[in-house]
Amino acid sequence: TLAALAERLPRRQPDGRAEERARAVGERIGSGLDEQGRELERGLLASIRAALPREVAAGWDMTILAYWAGAHFPALEPRRFLYPLGSGTLGYAWPAALGAAVALGQPTLAVAGDGGFLYGVQELATARQYHLPTTLLLVDDGGYGILREYQRDAYGETFAVDLEQPDFP
């Protein structure tokens, strides 16, 4: 069906201004972020980007830092930004990064919150057994941080979002 539709669409000729438009959009987004005062979040993303080689795949979970990354992390190569946009798949990052390490045959990164990581903590055994070169960046905020924020904003209090944690280090 898509092939048939594509045949009916008129072909557009590139106007040579795509890079210019993309740069303008990036600048507009950057100035909007500057006004929000989110230096911590932007600094963390910049630090991760600076440390992460461009060809390394990174799996991101449903954690506050990953929400920021979904909108503002520069993905420099195709199929290297693994993020379950819109599906809310808590616990995705760690197994996704492990799978990418196998598929790509190279080191990967997983960025997961403490609550989401506990969904797949047993995969530590898989990583060890198969010597998978995956680094875990654990964002430990003591529970389900984004749900905590939503509940606080909506109800002024929280319920069942704080977790008793293991000693992660």
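Owing to the predicted nature of the structure, the values given are computational and were not obtained by experimental measurement. (Residues numbered from 1 in each chain as written. Predicted model: local features only at pLDDT ≥ 70, side-chain atom pairs only at ≥ 80, totals over all residues. Heavy atoms only, no water.)

Novice: I keep staring at the environment of Leu90 and nothing clicks. Help me out?
Specialist: Among the structural elements, Leu90 can be located in the loop between strand S2 (81–82) and helix H5 (93–104). Spatially, the C-alpha atoms of Leu90 and Thr134 are 19 Å apart, while their sequence positions differ by 44 residues. Filtering out sequence-adjacent residues up to four positions away, Leu90 remains in contact with Asp61, Met62, Gly116, Tyr119 and Tyr144. (Helix = DSSP H or I, 4+ residues; strand = E, 2+ residues; numbered from the N terminus. Contact = heavy atoms within 4.5 Å.)

Novice: Can you walk me through a nonpolar patch on the surface in this structure?
Specialist: A cluster of nonpolar residues, Leu118, Val121 and Leu124, forms a patch on the protein surface that exposes about 210 Å² of accessible area. For Leu118, the position within the fold is in the loop between helix H6 (114–117) and helix H7 (123–129). The class for Leu118 is partly exposed, based on a relative accessible area of 32%. (Patch = residues over 30% accessible without salt bridge, like charges linked within 9 Å, V, L, I, M, F, W, Y side chains within 5 Å. Areas by Shrake-Rupley, 256 points an atom, 1.4 Å probe, with all protein chains shown as cover. Salt bridge = Lys/Arg side-chain N within 4 Å of Asp/Glu carboxyl O. Buried < 20%, exposed > 50% of the residue type's maximum accessible area, 1.4 Å probe, protein only.)

Novice: Where do I start with the environment of Phe159 in this structure?
Specialist: Tracing the sequence through the fold places Phe159 in the segment after helix H8 (145–155). With 61 residues separating them along the chain, Phe159 and Leu98 place their C-alpha atoms 32 Å apart.

Novice: Before we go on, may I ask you to explain the pairing of strand S1 (residues 57–60) in this structure?
Specialist: Working note: regular strand, side chains alternate between the two faces of the sheet. Of the two faces of S1, the one lined by Ala57 and Gly59 and the one lined by Ala58 and Trp60 are each fully buried. Taken together, the four bridges between S1 and strand S3 (residues 108–113) define a ladder with parallel strand orientation. Looking at S3, one finds that Gly59 is bridged to Ala110. By the bridge criterion, two bridges tie S1 to S2 in an arrangement that is parallel. Residue pairing for S2: Ala58 is matched across the bridge by Phe81. Taken together, S1, helix H4 (residues 64–72) and S2 form a β-α-β motif whose crossover is right-handed. (Pairing = 2+ DSSP bridges. Right-handed = clockwise from strand over helix to strand, strands pointing away.)

Novice: Just to check I follow, could you spell out the packing of helix H3 (residues 39–51) against H4 for this structure?
Specialist: Relative orientation and spacing of two packed helices are given, respectively, by the angle between their axes and the distance between those axes. For the pair H3 and H4, interaxial distance at closest approach is 10 Å and the crossing angle is 70 degrees. Relative to H4, the element H3 lies roughly perpendicular. Contacts between H3 and H4 involve Glu41, Arg42, Leu44, Leu45 and Ile48 from the first element and Leu65, Trp68, Ala69 and His72 from the second. Residues of the contact of H3 with H4, tallied by class, amount to six nonpolar, one polar and two charged. (Axes fitted to C-alpha atoms, helices over the stretch in contact; angles between N-to-C directions. Parallel < 35°, antiparallel > 145°, perpendicular 65-115°, else oblique. Nonpolar A, V, L, I, M, F, W, Y, C, P; charged D, E, K, R; others polar.)

Novice: Hey, could you run me through H3 in this one?
Specialist: One turn of the α-helix equals 3.6 residues, which is why residues spaced by three or four share an orientation. Over its 13 residues, H3 extends 18 Å from the first C-alpha to the last, a length consistent with the 18 Å expected when each residue adds 1.5 Å. Every buried residue of H3 is accounted for by Glu41, Leu45, Ile48 and Arg49. Mapping the buried residues of H3 onto a view down its axis gives an arc of 100 degrees, with all of them on the same face. The outward face of H3, more than 90 degrees from its buried face, is lined by the exposed residues Glu39, Leu40, Ala50 and Ala51. Buried residues along H3 sit against S1, H4, S3 and strand S4 (134–139). (Expected span 1.5 Å × (residues − 1). Arc of directions from axis to C-beta.)

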